[in-house]
Amino acid sequence: MAAKKAEQALVDQWRDILALHARTQCELDRALGGHGLCASDFEVLDVLAEGTPADGSPAWRVQEIADRVHLSQSALSRLIARLEKDGLVDRALCAEDRRGVRVALTDQGRALHGEVRPVQRAVLTRMLADG
């Protein structure tokens, strides 16, 4: 009986995490939509703006971004293509590996990230504090 209750508590906790994620994702999409972004768009801009690739390069390999934003390679490629079309990122072939692609923020992308970052952080603060 105790094992069954413990298992159910674990399942309930997992479902609570999934529900919080879904609610937060919806709130982010709603808040960022007025800026022409969805939550995944912002996550990519955030990685590009806030971090440095492991090799110290000024641009990230697509695979490095995929590892951080939890999107499939194909979904991320489509998202990056859209961000590039909107003038927010630049893509270029990797000099060291012609099969790879590197992505960097443009000045316009950096400016939009700076404008929208407080909006995203406010949503996270509110949603994660409320649980």
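Residues numbered from 1 in each chain as written. Predicted model: local features only at pLDDT ≥ 70, side-chain atom pairs only at ≥ 80, totals over all residues. Heavy atoms only, no water.

K.L.:
How should the sheet that holds strand β2 (residues 89–93) be read in this particular structure?
P.N.:
Neighbouring strands of a sheet are bound in pairs by backbone hydrogen bonds; such pairs are parallel or else antiparallel. Here we have three strands laid out as an open sheet, ordered β1-β3-β2, and antiparallel in their pairing. Bordering the open sheet on either side are β1 (60–61) and β2, each of which pairs with just one other strand. (Pairing = 2+ DSSP bridges. Helix = DSSP H or I, 4+ residues; strand = E, 2+ residues; numbered from the N terminus.)

K.L.:
Teacher, can you tell me more about the pattern of salt bridges here?
P.N.:
Side chains that carry opposite charge are capable of pairing whenever their charged atoms lie near each other. By the definition in use, this model includes seven salt bridges. Between E27 and R30 there is a salt bridge; the shortest N-O distance is 2.9 Å. Linking E27 with R30, this pair stays in helix α1 (residues 2–33), spanning three residues, or about one helical turn. One continuous salt-bridge network, built from bridges that share partners, spans D46, E50, R117 and R121. (Salt bridge = Lys/Arg side-chain N within 4 Å of Asp/Glu carboxyl O.)

K.L.:
What is the right way to look at the packing of α1 against helix α2 (residues 39–50) in this model?
P.N.:
The relative placement of two packed helices comes down to the angle between their axes together with the axis-to-axis distance. Interaxial distance between α1 and α2 falls to 8 Å at its minimum, and their mutual angle equals 80 degrees. Between α1 and α2, the crossing angle belongs to the class labelled roughly perpendicular. Within the contact between the two elements, α1 uses Q25, L28, D29 and L32 and α2 uses A39, S40 and F42. Among the residues forming the contact of α1 with α2, the class breakdown is four nonpolar, two polar and one charged. (Axes fitted to C-alpha atoms, helices over the stretch in contact; angles between N-to-C directions. Parallel < 35°, antiparallel > 145°, perpendicular 65-115°, else oblique. Contact = heavy atoms within 4.5 Å. Nonpolar A, V, L, I, M, F, W, Y, C, P; charged D, E, K, R; others polar.)

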